[in-house]
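Architecture at a glance
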Amino acid sequence: MAPQGMVKISDTLWELPASFKPGMRVPARFYATEGLLAAMDPAVFEQAANVATLPGIVGYSFCMPDGHSGYGFPIGGVAAFDPDKGVISPGGIGFDINCGMRLVATSLTWPELEPRLRELVDRLFAAIPAGVGGRGFVKISRDEFRAMSEQGLAWCLQKGYALKEDLERTEDGGVAAGADAAAVSEKAVERGYQQIGTLGSGNHYLEIQVARRENIFDRKLAEDLGIRAPNQVLVMFHCGSRGFGHQVATDYLQKFLGVMQPKYHIPCPDRELASAPFASEEGQAYFRAMKCAVNMSFVNRQVILHRVREVFGEVFGRDPLELGMHQVYDVTHNTARLERHTPPGERRPRDLLVHRKGATRAFAPGMEGLPRAYARIGQPVIIGGSMETGSYLLVGTKGGAPTFFTTAHGSGRAMGRQEAKRRFQGRDLVKSMHERGIYVRAASLSGLAEEAGAAYKDIDEVAEATELAGLSRRVAKLVPVGNIKG
Amino acid sequence: MLEGLTRADAAFRAEEADLAGLFRTAWRATLELMLPDPASLQARERRRIALANPAVDLLLFDFLSELVYYKDAEGLLLGLASLAVESSPAGYRLEAEAAGEAADPVRHELGVDVKAVTLHRFAVERTPEGWQATVVLDV
C-alpha cells in the first residue's frame, strides 16, 4: 500500500515528494500501474526515500514496476550520482553483483524438441551444478581466477568457452574495464574460485522456453532478435557472481560502515545503505572490486552457455551452431556504471554513476554501447518471470531517458518465502507443472516451493507496465517447458 | 522464522538466556535453511573459529558469515560442536569448533543457498529474559 503523500504523475508514474522524509535531497519516483503500486510492500517506499537522502543523487530515486523491498535500495531501485560529489553504495548494487539473464536462441521448434525434453533437462541438470555447495567443472588456480576476474569474457574466448559473437551480444562486451583483483579479499577468491559454471539457488534457474506464435508482440523485432520460426525453442538462464560477488559486497559494506560517518560525515539512515564518496580511496577500491565480480558473473553465465551448447549438441547429435544456438543477449541486473546521460531537468549530458539494483539497462535505438546488430532496434531486455508463468523479451526505447534508460528485471515477489513454503509443496508443484507441460528438476524441493508462480506478481502486468511507461517495448513472451532450479 | 521483514529472502528471530545460546541458535537457524535436517550431518571435518569484535551484533554477523564462507569455499555444511562467548571492557570474543561434512545432494535433503548475512534490520539486543537477535539472510 502506497504511503500518504504519494502524488500521481500519470497512470504509470507516482512520486513521493522530497518533503516525505527528512533528509531527502530529491523526490522518489515509482513506475507502476495502480495495481502494481498497491502490491509493493511498505518497505519499498521507505527504502526509496532513504536512497534519496544520499549525497550527490541526481534527479530522482527511482523504483521500477517490479519493485519490492531489498537491503538499502529496494529491488528495482535506480539512482544516479554525480561522480565528483556523490557516493557509491554496495546496497545500491546488491550482494549478487551482476546477477543477470542470458537468452540463447536455437533453430529447433517445440515439436522437434518435445520428444527429447526429459532427456535434455536431465542432462542439463547433471551438467550444470545447482543448489547448496555446487562446484563447477572449471578447475583453475586462485591466481588464474584473479586474472579471469580482471578479463571477463576475454578470458572465456581465450579458453575456448566463448564465441566472439557471444562477447558482442553481452552488455559491455562482457568485460568491465578497470577491474582490479588487488582490491578483492582472499576470502572472496576462496568463496568463488570453484564456483564458475554454477547456477546457485533461490530465484536462479535455467529454462527451456518456447516462443509461441500467439505470444509474439512484434514480429519484425522478434525476427531481428533471432526468433523466426513458429514455436521456436530458446534457453534462458538467471544467475550471478556466486560467493565471490557476495563476499566483495560484504567486505565493502563493512569497510564503508567504518568510514561513512566518522570520516566522510555522511548520515546513514540504514546500515545496508553504507556508502563512500565515489571519488574517495574507499569508493574507488570498491568500484574496482565490484568490476571483478561483474566479470566473474559474465564468465559464470558464459561457462553455463558452453555447457548448454555441449548438452544440446550431444542430445541432438549435431554441432550447437547447426542447432542455431546463438546468444540473443546477456543483461546485468545488479551493477553501478559510469554512463553519460542528460539528467531530468537538465539540457546537456554528463557523466553519472548509475546504480541499478534489480533493474535492467535498456538503451534506446542508436545509443552508444549497443552491439552493431541491435543499434537500430535498441538494447534487448530480458525480464524473467516465475518458473510457472513465463518471461519476456523486450527492447529499450527513447522513452527510457528519465530513468537513465532503465526498466524492470523480473516479476517481483508478491509473497514471502515462508508463506510460499507453507502454501505450496515442492512435490505437488513438480507434479502440477508436469501436468501443464513443464518438466522441472530441482536441487531442493523446499526451495522449489518458495519459487511457486503464485509467490510472484503477474509478469504480464509488469511487462505491460514498462511498455505503458515508455521504459521498454515488448517483443515476445516466452513460456517454459523445461526448468532447472537450484 | 519471521515473516514480513523481507519478501525475497529469509529472516529469523532468536531468543536465548545467554549470548552463547543466542549465537548457537542463530547458527542452527542459518544452517537449517540450507540443510533442513542438521541431524543428517556427520562430523567428518572440523574447523576452529576465533573472532573478536567491539560490537556484539557485528560479532554475530561475522560468526554467521563463517558458516556461509565454509559452505562456498570448501563446500562444507557445519554444525556447532562447541562454542564460548566472552565479554570484556574491550568488547566481545568467541571461540567455536564447527563440525560437519561436504554438502551431498544424495545423502542430504538440501534447502536454499544462503548467499550472505545482511545488516538489514540486523540486531542483537538485551531483553528482560536474556538476549534477542534478529537476522535477515540473503538467499
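So, a few notes on the structure that sits alongside this text. (Residues numbered from 1 in each chain as written. Chains lettered and ligands numbered in written order. Predicted model: local features only at pLDDT ≥ 70, side-chain atom pairs only at ≥ 80, totals over all residues.)

Another aspect to go through is the overall build of chain A. Of the regular secondary structure elements, chain A holds 15 helices and 19 strands. For chain A, whose C-alpha radius of gyration is 21 Å, the value lies close to the compact-globule estimate of 23 Å for 486 residues. When the backbone C-alpha atoms are referred to their principal axes, chain A occupies close to 60 × 50 × 45 Å. Out of the 486 residues belonging to chain A, those deemed buried represent 63%. Partitioning the contacts of chain A with sequence separation of at least 6, the portion at a separation of at least 24 is 77%. (Helix = DSSP H or I, 4+ residues; strand = E, 2+ residues; numbered from the N terminus. Rg over C-alpha atoms; globule rule 2.2 N^0.38 Å. Buried ≥ 20, exposed ≤ 12 C-beta atoms within 10 Å, placed from the backbone. Contact = placed C-beta atoms within 7 Å.)

With that settled, the discussion passes to the overall build of chain B. Of regular secondary structure, chain B possesses two helices and seven strands. Taken over the C-alpha trace, chain B has a radius of gyration of 14 Å; the compact-globule value for 139 residues is 14 Å, and the two agree within 12%. If one aligns the C-alpha atoms of chain B with their principal axes, the spans along those axes are about 45 × 35 × 25 Å. Split into buried and exposed, the 139 residues of chain B put 47% on the buried side. For chain B, contacts bridging at least 24 residues in sequence account for 66% of all contacts bridging at least 6.

Below, the discussion takes up the sheet that holds strand β3 (residues 76–88) of chain B. Residues and elements named next belong to chain B. Taken in spatial order, the three strands of this open sheet run β2-β4-β3, and their pairing is antiparallel. The open sheet has two edge strands, β2 (45–53) and β3, and neither has a second partner. Here the average twist between neighbouring strands, direction ignored, is 15 degrees. Across 12 bridges, the pairing between β3 and strand β4 (residues 91–102) is antiparallel. For Val85, the partnering residue across the bridge sits in β4 and is Leu94. Packing of helix α1 (residues 19–34) onto the sheet brings it into contact with β3 and β4, and relative to β3 it is tilted by some 160 degrees. (Pairing = 2+ DSSP bridges. Axes fitted to C-alpha atoms, helices over the stretch in contact; angles between N-to-C directions.)

For the rest of this paragraph, the subject is the sheet that holds strand β1 (residues 7–10) of chain A. Think of a sheet as strands paired side by side through backbone hydrogen bonds, with each pair either parallel or antiparallel. Residue and element names in this part refer to chain A. Judged by pairing direction, the sheet is mixed, and its seven strands sit side by side in the order β1-β2-β3-β4-β5-β13-β12 without closing on themselves. What marks the edges here is a single partner per strand, and that holds for β1 and β12 (335–341). With strand direction ignored, the average angle separating the axes of adjacent strands in the sheet is 25 degrees. By the bridge criterion, three bridges tie β1 to strand β2 (residues 13–16) in an arrangement that is antiparallel. Bridge pairing in β2 links Val7 to Glu15.

All names here are of chain A. Helix length check: helix α11 (residues 281–316), at 36 residues, gives a terminal C-alpha distance of 53 Å against a target of 52 Å (1.5 Å per residue), a fit within 8%. Across the 36 residues that make up α11, a large majority, 27, are buried. Looking one or two residues beyond α11, the residue adopting positive phi is Gly317, at roughly 60 degrees. (Expected span 1.5 Å × (residues − 1).)

In this assembly, 36 residues from chain A lie in contact with 30 residues from chain B. Of all the secondary-structure elements, those providing two or more residues to the side of chain A that touches chain B are α8 (186–192), α10 (242–259), α12 (417–423) and α14 (445–450) of chain A. Take the side of chain A that touches chain B: its biggest share by element is five residues, from α10 of chain A. For the side of chain A that touches chain B, the per-class residue count stands at seven nonpolar, 17 polar and 12 charged. (Nonpolar A, V, L, I, M, F, W, Y, C, P; charged D, E, K, R; others polar.)

Further remarks concern the packing of α1 of chain B against helix α2 (residues 56–73) of chain B. Residue and element names in this part refer to chain B. The geometry of α1 relative to α2 is characterised by a closest axis approach of 10 Å and an angle of 30 degrees between their N-to-C directions. The orientation of α1 relative to α2 falls into the category roughly parallel. In the packing of α1 onto α2, the handedness of the crossing is right-handed. Contacts between α1 and α2 involve Phe23, Ala26, Trp27, Thr30, Leu31 and Met34 from the first element and Leu60, Phe63, Leu64, Leu67 and Lys71 from the second. Class assignment for the residues of the contact of α1 with α2 results in nine nonpolar, one polar and one charged. (Parallel < 35°, antiparallel > 145°, perpendicular 65-115°, else oblique. Left-handed = near helix turned anticlockwise from the far one by under 90°.)

Residues and elements named next belong to chain A. Burial of the side chains of strand β15 (residues 380–383) extends over both faces: Pro380 and Ile382 are buried on one face and Val381 and Ile383 on the other. Two elements, β15 and strand β16 (residues 391–396), share four bridges in a ladder whose sense is antiparallel. Note on β16: the bridge partner recorded for Val381 is Leu394.

The next subject is the nonpolar core. Core analysis: the largest hydrophobic core is formed by 212 residues, its most contacted members being Val248 and Met290 of chain A together with Leu60, Leu64 and Val135 of chain B. At 16 residues, the largest contribution of residues to this core is made by α11 of chain A. Beyond its immediate sequence surroundings of up to four residues, Leu60 of chain B is in contact with Phe23, Ala26, Val124 and Ala133 of chain B. (Core = buried A, V, L, I, M, F, W, Y, C linked by C-beta atoms within 7 Å.)

Our focus in this paragraph is the environment of Glu144 of chain A. Relative to the assigned elements, Glu144 of chain A resides in helix α5 (residues 142–151). Sequence spacing of Glu144 of chain A and Trp155 of chain A is 11 residues, and the spatial spacing of their C-alpha atoms is 9.8 Å.

Looking now at the environment of Val210 of chain A. Residues and elements named next belong to chain A. Along the polypeptide, Val210 turns up in strand β8 (residues 205–211). Note on Val210: 23 C-beta atoms within 10 Å, which makes it buried. Among residues more than four places away in sequence, those in contact with Val210 are Trp110, Asn231, Val233, Leu478, Val479 and Val481.

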